[in-house]
Amino acid sequence: QKEVEQDPGPLSVPEGAIVSLNCTYSNSAFQYFMWYRQYSRKGPELLMYTYSSGNKEDGRFTAQVDKSSKYISLFIRDSQPSDSATYLCAMTSSTGNQFYFGTGTSLTVIP
Amino acid sequence: DAGITQSPRHKVTETGTPVTLRCHQTENHRYMYWYRQDPGHGLRLIHYSYGVKDTDKGEVSDGYSVSRSKTEDFLLTLESATSSQTSVYFCAISEGPYSPQYFGPGTRLLVL
């Protein structure tokens, strides 16, 4: 079983829609979580970094962590064509020596 | 953007030849990482460094070695390249083991 599971999509939404991207994980010790955006043929770009449970908001982006369900989400409000990219989640524990990455969800926002 | 550069950005080589990829940072971050990214596998850690001359293996370290003689540079070497090492290689940096990681632009390596 993979440490982190992420639906690869592809996900296609109209401009202005609310997008929900999700990852599930198996290790209950995970408590540091990251979301990245990766455009084609570019390096991953950090969007959100959260510790433990709860929500964190930054502009149109909201990261949510539900440790009881071992489930994290990234919400994108008022989605734009420029949001079209692959979104990666990553996570680790305080005793781990590496972050574990999901395989990414491909998102297309249609004008 | 974090000051991370990778060189070369593209490389084509033949099976059996040695290859060295370079990561250079200007952020003075203690931790540096090498990942490979392949379809269906996502980002997988090859090696990482937690200080000058301090390195450790990741989950896919076989066939790779690393060196870090200066804070700003982290080298990844494929001693004898194989076709299975065709991939996109990313370097990342962070201030600490649980801190956010910032990625470089990547190196596309093709082993024929």
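Preceding this section is the structure that the text describes.
Residues numbered from 1 in each chain as written. Chains lettered and ligands numbered in written order. Predicted model: local features only at pLDDT ≥ 70, side-chain atom pairs only at ≥ 80, totals over all residues. Heavy atoms only, no water.

Attention shifts here to the packing of aromatic side chains. Given two aromatic rings, one states the distance between the centres and the angle between the planes to describe the pair. Across all of its chains, the model carries 16 aromatic pairs over all chains by this definition. Judged by centre distance (5.0 Å) and plane angle (15°), the rings of Tyr32 of chain A and Tyr98 of chain B are stacked. With Tyr32 of chain A in strand S4 (residues 32–38) and Tyr98 of chain B in the loop between strand S9 (87–94) and strand S10 (102–103), the pair connects residues from two separate chains. Their ring planes at 20° and their centres at 6.3 Å tell us that Tyr31 of chain B and Tyr33 of chain B sit as a pair that is stacked. As far as burial versus exposure is concerned, Tyr31 of chain B and Tyr33 of chain B are alike and both buried. Put simply, the rings of Tyr36 and Phe101 of chain A together with Tyr31, Tyr33, Tyr35, Tyr48, Tyr50, Phe90 and Phe103 of chain B pair up and form one aromatic cluster. (Phe/Tyr/Trp six-rings, centres within 6.5 Å; stacked < 30°, edge-to-face > 60°. Helix = DSSP H or I, 4+ residues; strand = E, 2+ residues; numbered from the N terminus. Buried < 20%, exposed > 50% of the residue type's maximum accessible area, 1.4 Å probe, protein only.)

As a further point, take the state of the cysteines. Within the structure shown, the criterion is met by two disulfides over all chains. Between the sulfur atoms of Cys23 of chain A and its disulfide mate Cys89 of chain A the distance is 2.0 Å. Between Cys23 of chain A and Cys89 of chain A, the disulfide has an S-S torsion of -105° and is therefore left-handed. Taken together, the positions of Cys23 of chain A in strand S3 (residues 19–25) and Cys89 of chain A in strand S9 (residues 85–92) put the pair 66 residues apart, joining distant regions of the chain. Overall, Cys89 of chain A belongs to the buried group, its relative accessible area being 0%. Between the sulfur atoms of Cys23 of chain B and its disulfide mate Cys91 of chain B the distance is 1.9 Å. (Disulfide = S-S within 2.5 Å.)

Along the chain, Ala63 of chain A falls in strand S7 (residues 61–66). Every residue in contact with Ala63 of chain A, bar those within four places of it in the chain, is listed here: Trp35, Met48, Thr50, Gly54, Asn55, Lys56, Ser73 and Leu74 of chain A. (Contact = heavy atoms within 4.5 Å.)

What follows covers the sheet that holds strand S3 (residues 19–25) of chain B. Residues and elements named next belong to chain B. Pairing is antiparallel in the open sheet, where four strands are placed in the order S1-S3-S8-S7. Two strands in the sheet have a free side with no partner beyond their single neighbour: strand S1 (4–7) and strand S7 (64–70). Taking each pair of neighbouring strands and ignoring which way they run, the sheet shows an average axis angle of 20°. Pairing analysis gives four bridges linking S1 to S3, with the strands arranged antiparallel. Bridging across to S3, Ser7 finds its partner in Arg22. (Pairing = 2+ DSSP bridges. Axes fitted to C-alpha atoms, helices over the stretch in contact; angles between N-to-C directions.)

What follows covers the sheet that holds strand S1 (residues 4–6) of chain A. Residues and elements named next belong to chain A. Spatially, S1-S3-S8-S7-S6 is the arrangement adopted by the five strands of the open sheet, whose pairing is antiparallel. Each edge of the open sheet is held by one strand with a lone partner, namely S1 and strand S6 (54–58). The average undirected angle you get between the axes of adjacent strands in this sheet is 15°. Taken together, the five bridges between S6 and S7 define a ladder with antiparallel strand orientation. Residue pairing in the sheet places Asp58 in a bridge with Phe61 of S7.

Put simply, the largest pocket is a space of about 470 Å³. Gln38 and Arg41 of chain A together with Gln37, Val88 and Arg108 of chain B are the residues nearest the centre of the largest pocket, which is lined by 22 residues in total. If you list the elements that add at least two residues to the lining of the largest pocket, you get S9 of chain A together with strand S4 (31–38), S9 and strand S11 (107–111) of chain B. Class assignment for the residues of the lining of the largest pocket results in six nonpolar, 11 polar and five charged. (1 Å grid on protein atoms, 1.4 Å probe; cavity = no way out; pocket = protein on both sides within 12 Å on 5 of 7 lines; lining within 4 Å. Points joined across faces, edges and corners; volume = space filled by probe spheres on them. Nonpolar A, V, L, I, M, F, W, Y, C, P; charged D, E, K, R; others polar.)

A general tendency of soluble globular proteins is for nonpolar side chains to be buried together. Residues and elements named next belong to chain A. If you look at the biggest cluster of nonpolar residues, it comprises 23 residues, and the most contacted ones within it are Trp35, Ile72, Leu74, Tyr87 and Met91. Elements that contribute at least two residues to this core include exactly S3, S4, strand S5 (45–51), S7, strand S8 (71–76), S9 and strand S11 (105–110). What Tyr87 contacts, discounting residues up to four positions off in sequence, is Gln6, Leu21, Tyr36, Arg37, Leu47, Leu74, Ile76, Gly104, Thr105 and Leu107. (Core = buried A, V, L, I, M, F, W, Y, C linked by side-chain atoms within 4.5 Å.)

We now examine the pattern of salt bridges. A full pass over the atoms with the stated rule returns seven salt bridges over all chains. Residue Arg37 of chain A is joined to Glu45 of chain A by a salt bridge in which the shortest nitrogen-to-oxygen separation is 3.1 Å. What makes Glu45 of chain A partly exposed here is its relative accessible area of 34%. For the salt bridge of Asp38 of chain B with Arg36 of chain B, the shortest nitrogen-to-oxygen distance reads 2.8 Å. Taking the relative accessible area as the measure of exposure, Arg36 of chain B reaches 8% and is therefore buried. Among the ionic contacts, a cluster of salt bridges with common partners joins Arg22, Lys70 and Asp73 of chain B. (Salt bridge = Lys/Arg side-chain N within 4 Å of Asp/Glu carboxyl O.)

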